[in-house]
Amino acid sequence: MTDLPELTHFIQGAHVFGSSGRFSDVWNPSTGEVQARVPLASKQEVERAIATAEAAQPGWAATNPQKRARVFMKFLQLLNAESPELARTLSREHGKTVADSMGDIQRGAEVIEFSIGAPHLLKGEYSSAAGTGIDVFSMRQPLGVVAGITPFNFPAMIPLWKCGPAIAAGNAFILKPSERDPSVPLRLAELWKEAGLPDGIFTVVNGDKEAVDVLLDDERVQAIGFVGSTPIAQYIYERAAANGKRAQCFGGAKNHLIIMPDADLDDAVDALLGAGYGSAGERCMAISVAVPVGEETANALVAKLTERVAELKVGHSFDEGADYGPLVTSQAKERVEGYIQQGIDEGASLVVDGRGFTLEGYENGFYLGPTLFDGVTRDMAIYREEIFGPVLAVVRAGDYEEALALATDHEYGNGVAIFTRDGDTARDFSARVNVGMVGVNVPIPVPIAYYTFGGWKKSGFGDLNQHGTDGFRFYTKTKTVTSRWPSGAKEQASGGASFVMPTMD
Ligand code: NAD
């Protein structure tokens, strides 16, 4: 027995306590204390959730898209009004600063705004008189029950990226959020209900691999949207696809920021600090590799970075003066510390060492100071692998082509940025780099809601991106109707049976 608050699932419009007897601890990373426990759903619990979603979906699909959009408008109002409190809940479980959590919610809310346009996005195509008396049209229909499996690092934004287009398109959506920070997803479920969403259309099942595997195997679930680390993304993609499901699975990253000799160096340093250390580096679009071009640029960059990195303020997630907060768990912190040691062992030059940092008054929090490596090379693990912490690696490139090749050849291909004043270079880079999202003098190029988000290579499995028009394509299937009304084509209609392949001629 424990006195810890017990979190729930949210099934058929109501909070439901777990019945599996299995739980996971939910930590407050700023203090290092366990603050709640979250139930880990059993097969039976997930199957029950799927059944309620399946029962509710046809009614929602039959509700006209404009009425569905009105639920979204109400949800957006509630979400915006709630966001300061929601941000504190998020920070308490994740560890990012409250200002950063506000951004997490805001970027999710933008996809809800975009999804209000679903009636337009769901319109089909129509060709009148494609043949004599023949009209052809297409319609977009929902898939049915769909599921989203999401990571700890954006507990508001990514669930909203997934559920917005899915629900607006007429599906019932089951969310399996990260077991590290489940409270925001549960609150989103309450807000959906308050906005008028019918019970069973937005479901939260908390859990781990056991719950995920049920979603992957159950034939009532038509599509899986996943975001998380690459090994799990690949596993989920393969298992979902083997079961005949539609799947889009986004994985880890190693994002480069290239600094050309003509770049505004102060601008580039600001960008590297924010994108490298913001959210303790726990963003899939964090910049973890700085690539200065030419020795002169590199020496100047490292000198400026060394000074500024040492000044960064690490603090409690509720400290308004903090640049970033703790890592999500003690295991995450140990993992990152392990990489720092590996970098030293591999021969990289440790310019700023963040290990050993403690925050006065919160000595048990999962804090790690900012860390900077210089002299990192292609073969090192700290270059090849995702560290997911406040660690920036400087890889020096002799020229532009070498810098371009670094980002292009890396096995991850989520985001990349180039800082330059030269339009030709920026244009050439954008066209040639083998990475899904590119920033030109923009360090974290997360596309706005009406474009799509998705990485390449080991950063994404599946062929449609998140949000934007791809989001709606992913959560709908296209039906094409070819119709003939004989009055317009009397002669052909009465021509008797035809045994050749029909054409429009
Ligand atoms: P994770 O892969 O550990 O977990 C993601 C989800 O998968 C969670 O819901 C978790 O419960 C579930 N899961 C974990 N192990 C599983 C298993 N063996 N079988 C089935 N399900 C399992 O990722 P995380 O630590 O929560 O998130 C951080 C990772 O997510 C980083 O690698 C980061 O780059 C990535 N990420 C990618 C994007 C993107 O858009 N590409 C965005 C955000 C985060």
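Before reading further, recall that the structure is shown in the block above.
Residues numbered from 1 in each chain as written. Predicted model: local features only at pLDDT ≥ 70, side-chain atom pairs only at ≥ 80, totals over all residues. Heavy atoms only, no water.

### Considerations on the pairing of strand β6 (residues 134–142)
Argument step 1. Across three bridges, the pairing between strand β5 (residues 126–131) and β6 is antiparallel. Counterpart to S127 in the pairing with β6 is V136.
Argument step 2. Between β5 and β6, which follow one another and run antiparallel, lie two residues, and G133 among them has a positive phi close to 75 degrees.
Argument step 3. For β6 and strand β22 (residues 476–484), the ladder comprises nine bridges, and the chain directions are antiparallel. By the bridge assignment for β22, F137 is matched with V481. (Pairing = 2+ DSSP bridges. Helix = DSSP H or I, 4+ residues; strand = E, 2+ residues; numbered from the N terminus.)

### Description of empty space enclosed by the protein
Argument step 1. In total, this model carries four cavities of 30 Å³ or more according to the counting rule given.
Argument step 2. Lining the largest cavity are 15 residues, and of these G281, A286, S288, E386 and F388 sit closest to its centre.
Argument step 3. Partitioning the lining of the largest cavity into residue classes produces seven nonpolar, five polar and three charged.
Argument step 4. Approximately 60 Å³ is the volume found for the second largest cavity.
Argument step 5. Taken together, F10, G13, A189, W192, K193, L197, P198, D199, G200, I201 and F202 form the lining of the second largest cavity.
Argument step 6. At three residues, helix α6 (residues 183–195) tops the list of elements feeding residues into the lining of the second largest cavity.
Argument step 7. Classifying every residue of the lining of the second largest cavity gives seven nonpolar, two polar and two charged. (1 Å grid on protein atoms, 1.4 Å probe; cavity = no way out; pocket = protein on both sides within 12 Å on 5 of 7 lines; lining within 4 Å. Points joined across faces, edges and corners; volume = space filled by probe spheres on them. Nonpolar A, V, L, I, M, F, W, Y, C, P; charged D, E, K, R; others polar.)

### Comments concerning the side chain of Q57
Argument step 1. Turning to its location among the elements, Q57 is positioned in helix α1 (residues 43–62).
Argument step 2. Those residues in contact with Q57, other than ones at most four positions away along the chain, are P142, G144, G170, N171, A172 and I201. (Contact = heavy atoms within 4.5 Å.)

### Looking at unusual backbone geometry
Argument step 1. Here the phi dihedral of A129 falls at roughly 55 degrees; this positive angle occurs in a residue that is not glycine.
Argument step 2. Looking at where A129 falls in the secondary structure, it is placed in strand β5.
Argument step 3. Under the relative-accessibility criterion, A129 is labelled exposed at 54%.
Argument step 4. The backbone of A280 shows a phi angle near 55 degrees, a positive value even though the residue is not glycine.
Argument step 5. Within the secondary structure, A280 is located in the loop between α9 (265–277) and β13 (287–292).
Argument step 6. The buried category is assigned to A280, whose relative accessible area is 0%. (Buried < 20%, exposed > 50% of the residue type's maximum accessible area, 1.4 Å probe, protein only.)

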